[in-house]
Structures are given as C-alpha cells and as structure tokens.
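Residue-level structure breakdown
Now for the letters of each chain:
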Amino acid sequence: MEEVDVEPSTTLIPGAGFYQKHLGFEWGPGDLIVYETNYKLQGSPSVHIVRRDEDICSPILRKLFSESHLIFVGLQKIKEDVPSKNKKSQFVSISKNYRSVIRACMEELQQNVSILLAIELIWNLCEVLFIDAAPAGSLLLQLLDWVRLHKSDVDAKAREVLQSDSPAQHQSYWDVPTGTQTLTEFEVKWRHWHEECDRCLQDNTFASNRHLETICKILVGDEDTLLEQKELLSTWYHFLVTRLLFTHPTIKPPDLHYYAQSSMNMFLGPRASPEPLDIILLSAFEFDLHQVIKDCSIALNNWWFVAHLTDLLDHCKLLQSHNLHFGSNLREFLVLEYASGLFTHHSLWQLAVDYFDHCPEFGRVYLELQIERVPLDTERKAIKVLRICEDRQMSEQVRSICKIMAKRALRNNRLGSALSWTIRAKDAAFATLISERFLQDYSNKGSFTDLDLLDNLGPAMLLSDSLTFLGKYREFHRLYGEKRFSEAARLLLSLMTAKIAPRSLWMTLLTDALPLLEQKEVIFSVDQTYELMSCLEELNSGTKHSNLTDQDEDIESTKTELLRLALARNLTMAIVKEGTIET
C-alpha cells in the first residue's frame, strides 16, 4: 500500500486564530504572507511576512546553488536502461560531488557554517546507509570514516602524533588510536583484543594501573567507561560508532536503530532534550528516509538540501512508494519548491528552469506561472526569457513578453525595437499601430528611421495591411534612391490602385510621384498616368477635412494644381513616346 502524507497539524499564532481574529494567507515564491482580517475592521490590518529562503541572498550559498545545478542536470541524464549495478557507482559519485560542493562552500564561509556542517553530516550518513548501502562488515568502517570526517580534530591530532619523534609518548597518543587495516585483519585483531582484555579485567591484571585498566575497559566496550570520555567523543553519534567499534564491529544495518537510540539516550541523559539534528540522524539510523526528509524540511531554512537529496534518492529507486495527497510525488514537490525559491532571485532564476524541466507532472505549469513574474528590466534579460519560452513552445508567454517589451519601447519612442518585438509577438493590431507611428514620424521628419529593420521585413510585413504598406513604401524610397525609377513608379502606383495605402496618405504618395513626373525621361506610361489622374480626382472628390486651416487648404490646393500640370505634361510626353514607338 502506498504511503500517503497526513494533513499538516494546525499552528496557532499568538493574538490571532480561533475565536480571536480571522486570518488570511497567500503563498508566494519563497514567502508566505499572513494577514489579519475582521468583518468590521477599523484601521489598517497588520501584514506578516514569513520567509523560508533567506539564505538565497548569501553570495557563498549562491555558489552552492549554481554548482549543484550542474550536478542535478547531469544526474537527470543518466539513462534508465543502464543496469542497476553500473548505476550505483554513478550515484555514489554524484553524492560525493554534492558533498564536495558543500565542503567548498564551508571553506569560504567565515561564519554561519554550522548549517552547512549539519547538511553535510546528514547527507554523508544518508550516502553511507542508503545510496552506497554498506553491508555488514564494511558498514562500521564507513561509519568510522563518517565520524572522522566530521570530527576534524581527530585526523589533525593523529597526524601530530605520528609525526612526533616518539608517537607512543605523545600526550594525545591514547586520544587517537587509528589504523588502515583490512576488514579481516580488523576482525582478527578485535577478537584477540576483546578476549585478551576481558581476561585481563577478570584477572585484575591491571588493577595497579588505573590508565591501563581504563584502556582495557574501552577495548571490551564497557559503556560506563566510554561515557566517562565524553569530552573526547563530543556527540552521541561519535559515542555510537565508538561503542560499536568495541562491541559489535560487524553490525548489520537492521540492528543499527537499537544501538543508535540507546546511545543517544545514554549520552544525552534523561534531562537533556535532543536537538533537531539529533532527531534527523536518529531517523536515518532507523532507515526512515521519509522522516529524515520531513524533519530536514522543517529544520533547515531553505529547500536546497531536501530537493537534491530526495532527487538522488529517487533516482536510486528508494522513494518509489511515497506519494503526496495533493497529486505529486515527494521528489517533484520538493524540487518545485526549491526552483520556485530560485525564481525570486535576480541572478539565480535561470537555474530554476532546468529544475522545472525535470518535473514531469507540474513543472511546465510552474514554469509558465513563474516566468511571467520575472521582471524584464532590460532587453537582454527579456531576450533570455523569450528564448526559454520559445525553446519550450510556450506561445502564450512568448506573445506576452513581446507585447510588454513592444509597449515599453513604443513609450520610449524606440519605434524600431517596438516593431521588432511586435513582429515576434505576431500581434497584427499592435503592428498596425506602430506602422502608423512610423509613417507619422516620416511625415514629421521627411525620412525613415531604423532602415535596416524596414529593409529586411521580408514575410513579416504581411502581418498587417499597415505593415505591408510601410514595408513597400520604404521599398519605393529605396528604389528611388538607387535611381531605379521605373520600378519605383510601378510600386508607387500599385500601392494606390491596390488600396494598400491608407487614403489619408494618397496626397503624400502623389506628391512623391512629382519628381518622377518631372524627369526628362518618361517614367509613367499613358495608362499609368491616367491611373494617377484618376486617383487624384477621387481624392479631391472625397470628403474634405473640416479641421484644416486656411493655410493648409492653400497648400493642398497648390499641390493639386502642381500635380495636374505635371500629370498633363507627362501624359503628352507619354503619348508622343508611345506613338513614336508604334510607328
């Protein structure tokens, strides 16, 4: 039967809660906002912000997050079809890589290192018990390495003793008995020591020498004698491993929990309460992985540890039966929480994307929601966000980002950037608006800006009629500038006759035709000239703008007369030319 989480217990907040004040709350990425509410509230309500991911702001821990991200991504690439025997060594290696990153960060931290020490202590124990799954015989040797690694002064003292002129006479000699013998050698020596020491104690061989008698009691695992050395052992789990070394060196994993519980009780005594770290380590010794993860989630102030450890344990097929009551598995839930916290940081949010990618159930939904909250401070950042969305075919988010950037650029009168973002958004309505602004800008300045963009619109100009006209109108100016007058004339006429050009710009286009009509060489044919004349008359027969000033009306009338004269002159020349050719 699958294990299912129970509902979380209710936590009362002083001054609020049952029968006192109504509470509301809202989860945010990394935060929980809790607010007081009253049906008849007077004054402003209090707002309390509870942060879980304070450490995300630490520069050293940002290094931890960044480097562990690469290890996480590498772990996801391990193929499912690889034999389990071959995978185990990979998983152990990955676990050690995680711990090496933790160690590297600890070396750079001058203070607040206790959290990382605790994290590595728990991780290392989980590696020994679950990931590496040390069997009976070698289990204690690995636990010895575990204690030695986290009791750093042991190795330092051992080196000091061994490097002295007379190690046996050194004052710390008896504090560190250490060796590198094989398991078989160790078992033989241990049995010999145990039998010999026990015989000596029974015979009172060392009764005259208190120190030698103490050593014999240690070698036979006398618990009272071991407890007298508390200052050397420092922690109950150090006491546990020492006790096992001298009483049960070939202990089997299922028997660990009994020795762990009793060692903690003996070492701490009846009056002392276990610390959260003690409870977590005890759960590990009891092989209760889910309790380890749950307690770590409560005790630690960020999701990094539980997310990465759970992910690794899940790859080792150790969490397959654990589902949560709200539809996700434990591994995905924790990875999602960690990634959501990363998204609140200005430089770590990109790392979160890979974590969401590897959450098959809800990762896509979370990414879509979170990506919309990334502040688009610069175009460079917007492009990064856009590429993430485009790579994942997140079309709705792509359009949203492009529209936001297009509107911002338009507000700053950066028409080229606004048009570029609009084209990427495929927003026809906004493309029309920006095209009109381009034409308005052209009318005011007499020239186009952002020529590279306009000259390379390509198929994008078909997004809207206004954009099509803008692109073709710019093409007319380019052809005219290159003195390709015949092509320019055909394009200009087609813009009017095909009704692509807005009627409000017909006079502008007809005015653009004047230089072509006044060329020595005939550019417009007879038929083309008639079409231009028809357009001019249609324009003049239309509704007049009542808001034009007298001066503007005079200018329009002057343009009309000039056009009529130029068109009549061109028509005569075109008739003569075409008649001459026919003859």
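Remember, it's a predicted structure, so these values are computed and weren't measured experimentally.

**Some details on the packing of helix α21 (residues 428-445) against helix α23 (residues 465-481)**
- Put simply, α21 and α23 touch, their axes get as near as 8 Å, and they point 35° apart. Residue-level inspection shows Ala431, Thr432, Ser435, Glu436, Phe438, Leu439 and Tyr442 of α21 in contact with α23, the latter providing Ser466, Leu467, Phe469, Leu470, Tyr473 and His477.

**Remarks on the side chain of aspartate 295**
- With respect to the helices and strands, the residue aspartate 295 is situated in helix α13 (residues 289-299).
- The buried charged residue aspartate 295 lacks any salt bridge partner; its closest oppositely charged side chain belongs to lysine 294, at an N-O distance of 7.4 Å.
- Sequence-distant contacts of aspartate 295, that is, excluding residues within four places in its chain, are made with Ile279, Ile280 and Ser283.

**Description of helix α11 (residues 256-268)**
- With 13 residues, α11 should reach 18 Å at 1.5 Å per residue; the first-to-last C-alpha distance of 18 Å fits that figure.
- Among the residues of α11, those classed as buried are Leu256, Tyr259, Ala260, Ser262, Ser263, Met264 and Phe267.
- Buried residues belonging to α11 abut α3 (114-131), α4 (139-150), α8 (223-227), α9 (230-233), α10 (236-247) and α12 (276-285).
- Positive backbone phi, at 85°, marks glycine 269, one or two positions downstream of α11.

**Some thoughts on the nonpolar core**
- Judged by nonpolar contacts, the single largest core of 162 residues is most densely connected at Trp146, Trp236, Phe285, Trp304 and Phe305.
- With 11 residues, the top contributor of residues to this core is α3.
- Summarising the domain contributions, this core has at least three residues from each of domain 2 (62-151 + 234-319) and domain 3 (502-582).
- Contacts of tryptophan 236, omitting those with residues within four sequence positions, involve Ala260, Ser263, Met264, Phe267, Asp278, Leu281, Leu282 and Phe285.

**A short note on the packing of aromatic side chains**
- The final tally for this structure, using the stated rule, is 25 aromatic pairs.
- Look at phenylalanine 356 and tyrosine 366: their rings are 6.0 Å apart centre to centre, the planes differ by 45°, and that puts the pair in the tilted class. One end of the pair, phenylalanine 356, is in helix α16 (residues 349-357); the other, tyrosine 366, is in helix α17 (residues 363-371), and 10 residues separate them in sequence.
- Relative accessible area serves as the criterion here: at 1%, phenylalanine 356 is assigned to the buried category.
- An angle of 85° between the planes, with centres 5.9 Å apart, marks the rings of phenylalanine 448 and tyrosine 473 as edge-to-face. One end of the pair, phenylalanine 448, is in the loop between α21 and α22 (451-455); the other, tyrosine 473, is in helix α23, with 25 residues separating them in the sequence.

**A short note on the confidence of the model for the protein chain**
- Residue-level pLDDT values for the protein chain average 81, and 80% of them are 70 or greater.
- Mean pLDDT per element in the protein chain: strand β1 (residues 3-4) is the minimum at 40, and α12 is the maximum at 95.
- Below pLDDT 50 for its whole length, residues 1-8 participates in 14 contacts with residues either more than four positions away or in separate chains.

Parameters and conventions
Residues numbered from 1 in each chain as written. Predicted model: local features only at pLDDT ≥ 70, side-chain atom pairs only at ≥ 80, totals over all residues. Heavy atoms only, no water. Axes fitted to C-alpha atoms, helices over the stretch in contact; angles between N-to-C directions. Helix = DSSP H or I, 4+ residues; strand = E, 2+ residues; numbered from the N terminus. Contact = heavy atoms within 4.5 Å. Buried < 20%, exposed > 50% of the residue type's maximum accessible area, 1.4 Å probe, protein only. Lys, Arg positive; Asp, Glu negative; His and termini not counted. Salt bridge = Lys/Arg side-chain N within 4 Å of Asp/Glu carboxyl O. Expected span 1.5 Å × (residues − 1). Core = buried A, V, L, I, M, F, W, Y, C linked by side-chain atoms within 4.5 Å. Domains from an automatic or database assignment. Phe/Tyr/Trp six-rings, centres within 6.5 Å; stacked < 30°, edge-to-face > 60°. pLDDT = per-residue confidence, 0-100.

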